[in-house]
Amino acid sequence: MIRRELDDEGPDRLYTVTRGRSSADEPDLDIVTLIVAAAEPVPGMQSEHARILRAARRPVAVVELSADLRLPVGVVKILLSDLLRAGKITARHPSSSTRARTELPDAATLKKVLVGLHKL
């Protein structure tokens, strides 16, 4: 097994970052939920919150934020819950748009995607 930087992350720091919480308040957040900043970072804000706001100036998925911050997805979801509650970000699941719900890809497009995945 290859050790990553995250493997060396002490549990004490993660406990501090989440203020002891082990789960997010927002059950609808998943790894593909798109996050967009609705505010700018302010002085005195928790550094991880400020980093999220800077990274989310454009729509970014929860999993991308996790990778950028080098924090576990569960920790990022807790931080995002804080920002959602404070009105600092908006969150939208890609499939929640009207177009995504009404327009499904045709069979030819799905076949091309499948062929492309097999080539990987």
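Look up: the structure comes first, before these words.
The structure displayed is predicted, hence computed values, not measured ones. (Residues numbered from 1 in each chain as written. Predicted model: local features only at pLDDT ≥ 70, side-chain atom pairs only at ≥ 80, totals over all residues. Heavy atoms only, no water.)

Ranked by internal contacts, the top residues of the largest apolar core, which has 18 residues, are Ile35, Ile52, Leu65, Leu71, Val76, Leu80 and Ile89. Every element with two or more residues in this core is listed here: α2 (47–55), α3 (62–69) and α4 (73–85). In contact with Ile52, other than residues within four places in its own chain, are Leu65, Leu69, Leu79, Leu80 and Leu83. (Core = buried A, V, L, I, M, F, W, Y, C linked by side-chain atoms within 4.5 Å. Buried < 20%, exposed > 50% of the residue type's maximum accessible area, 1.4 Å probe, protein only. Helix = DSSP H or I, 4+ residues; strand = E, 2+ residues; numbered from the N terminus. Contact = heavy atoms within 4.5 Å.)

Taken in spatial order, the three strands make up an open sheet running β2-β1-β3, and their pairing is antiparallel. Pairing within the sheet leaves two strands with one partner each, and these edge strands are β2 (60–61) and β3 (89–92). Relative to the sheet, α4 contacts β1 (34–37) and β3, its axis offset from that of β3 by approximately 115°. (Pairing = 2+ DSSP bridges. Axes fitted to C-alpha atoms, helices over the stretch in contact; angles between N-to-C directions.)

To continue, consider unusual backbone geometry. Phi at Arg70 takes a positive value of approximately 55°, unusual for a residue other than glycine. You can see Arg70 is positioned in the loop between α3 and α4.

At a closest axis distance of 9 Å, the pairing of α3 and α4 adopts a crossing angle of 110°. The angle between the axes of α3 and α4 places the two elements in the roughly perpendicular class. Taking contact as the criterion, the partners of Val62, Leu65, Ser66 and Leu69 in α3 are, on α4, Val73, Val76, Lys77 and Leu80. When its residues are assigned to classes, the contact of α3 with α4 shows six nonpolar, one polar and one charged. (Parallel < 35°, antiparallel > 145°, perpendicular 65-115°, else oblique. Nonpolar A, V, L, I, M, F, W, Y, C, P; charged D, E, K, R; others polar.)

It is worth spelling out the pairing of β1 at this point. Note that β1 and β2 share two bridges and pair antiparallel. Each bridged residue has a counterpart across the sheet, and for Leu34 the counterpart in β2 is Ala61. In this structure, β1 lies alongside β3, joined through four bridges in antiparallel fashion. Looking across to β3, one finds that Ile35 is bridged to Ala91.

Let us look at the packing of α2 against α4. Where α2 meets α4, the closest approach of the two axes is 10 Å, and the angle between their N-to-C directions is 75°. What the angle tells us is that α2 and α4 run roughly perpendicular. Contacts between α2 and α4 pair Glu48, His49, Ile52 and Leu53 from the former with Leu79, Leu80, Asp82 and Leu83 from the latter. Here the residues of the contact of α2 with α4 are counted per class, giving five nonpolar, one polar and two charged.

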